[in-house]
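These are the residues of each chain, in order.
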Amino acid sequence: MTKKERPFVEPKYAVGDRVIHKSNPFNGHCRERHGFITEIIYKKNTRGARFPWFEIKFDTSERTELFMASRIAPEKSN
């Protein structure tokens, strides 16, 4: 029996989109960081499905950080 390759999940965001990082509401303080997506990386979970992770460059930092889609939200423009 051959193992079938699972399809890619369509990413919610595209490279260049402005997003905010949603901090954990259970840790006692809320922090909101603004930035933009620089790269989309696909990682496999234990069942073989590939999910998008987003590399984000925040306005207040010089380095990039990697987050899954559930931890970020689109930035609302005024």
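We now turn to the structure provided with this report. (Residues numbered from 1 in each chain as written. Predicted model: local features only at pLDDT ≥ 70, side-chain atom pairs only at ≥ 80, totals over all residues. Heavy atoms only, no water.)

What about the pairing of strand β4 (residues 64–68)?
Side chains of β4 alternate between two faces, with Glu65 and Phe67 buried and Thr64, Leu66 and Met68 left unburied. In this structure, strand β3 (residues 50–58) lies alongside β4, joined through five bridges in antiparallel fashion. Residue pairing across strands places Trp53 opposite Met68, the latter belonging to β4. Between the antiparallel neighbours β3 and β4 lie five residues. (Buried < 20%, exposed > 50% of the residue type's maximum accessible area, 1.4 Å probe, protein only. Helix = DSSP H or I, 4+ residues; strand = E, 2+ residues; numbered from the N terminus. Pairing = 2+ DSSP bridges.)

Examining the sheet that holds strand β2 (residues 32–44)
Pairing is antiparallel in the open sheet, where five strands are placed in the order β4-β3-β2-β1-β5. For this open sheet the edge positions go to β4 and β5 (72–74), each flanked by a neighbour on one side alone. Within the sheet, the average angular offset between the axes of one strand and its neighbour, ignoring direction, is 50°. (Axes fitted to C-alpha atoms, helices over the stretch in contact; angles between N-to-C directions.)

Focus on the nonpolar core
Tyr13, Val19, Ile37, Phe54, Ile56, Phe58, Phe67, Ala69 and Ile72 together form the largest nonpolar core, which totals nine residues. Ranked by residue count, the leading element in this core is β3, at three residues. The contact partners of Ile37, leaving out residues within four places of it in the chain, are Tyr13, Ala14, Val15, Gly16, Asp17, Val19, Phe54, Glu55, Ile56 and Ile72. (Core = buried A, V, L, I, M, F, W, Y, C linked by side-chain atoms within 4.5 Å. Contact = heavy atoms within 4.5 Å.)

A few points about the environment of Glu55
In this structure, Glu55 sits in strand β3. C-alpha of Glu55 to C-alpha of Ile41: the two residues are 14 residues apart in sequence and 7.5 Å apart in space. Among all residues touching Glu55, those that are not within four sequence positions of it are Phe36, Ile37, Thr38, Glu39, Thr64, Glu65 and Leu66.

Some details on the side chain of His21
Following the sequence through the fold, His21 ends up in strand β1 (residues 18–22). On the basis of relative accessible area, His21 is assigned to the buried category, the value being 7%.

Thoughts on the pattern of salt bridges
All told, the structure shown has three salt bridges when counted by the stated rule. The partner of Arg18 in a salt bridge is Asp59, and the shortest N-O contact between them spans 2.9 Å. Highlighted residues: Arg18 in strand β1 and Asp59 in the loop between β3 and β4, separated in sequence by 41 residues. A relative accessible area of 46% places Asp59 in the partly exposed class. For Arg33, the salt bridge identified is with Glu65, shortest N-O distance 3.1 Å. Taken together, the positions of Arg33 in strand β2 and Glu65 in strand β4 put the pair 32 residues apart, joining distant regions of the chain. No difference in accessibility class separates Arg33 from Glu65, as the two residues are buried. Through salt bridges with shared partners, one network takes in Arg18, Asp59 and Glu75. (Salt bridge = Lys/Arg side-chain N within 4 Å of Asp/Glu carboxyl O.)

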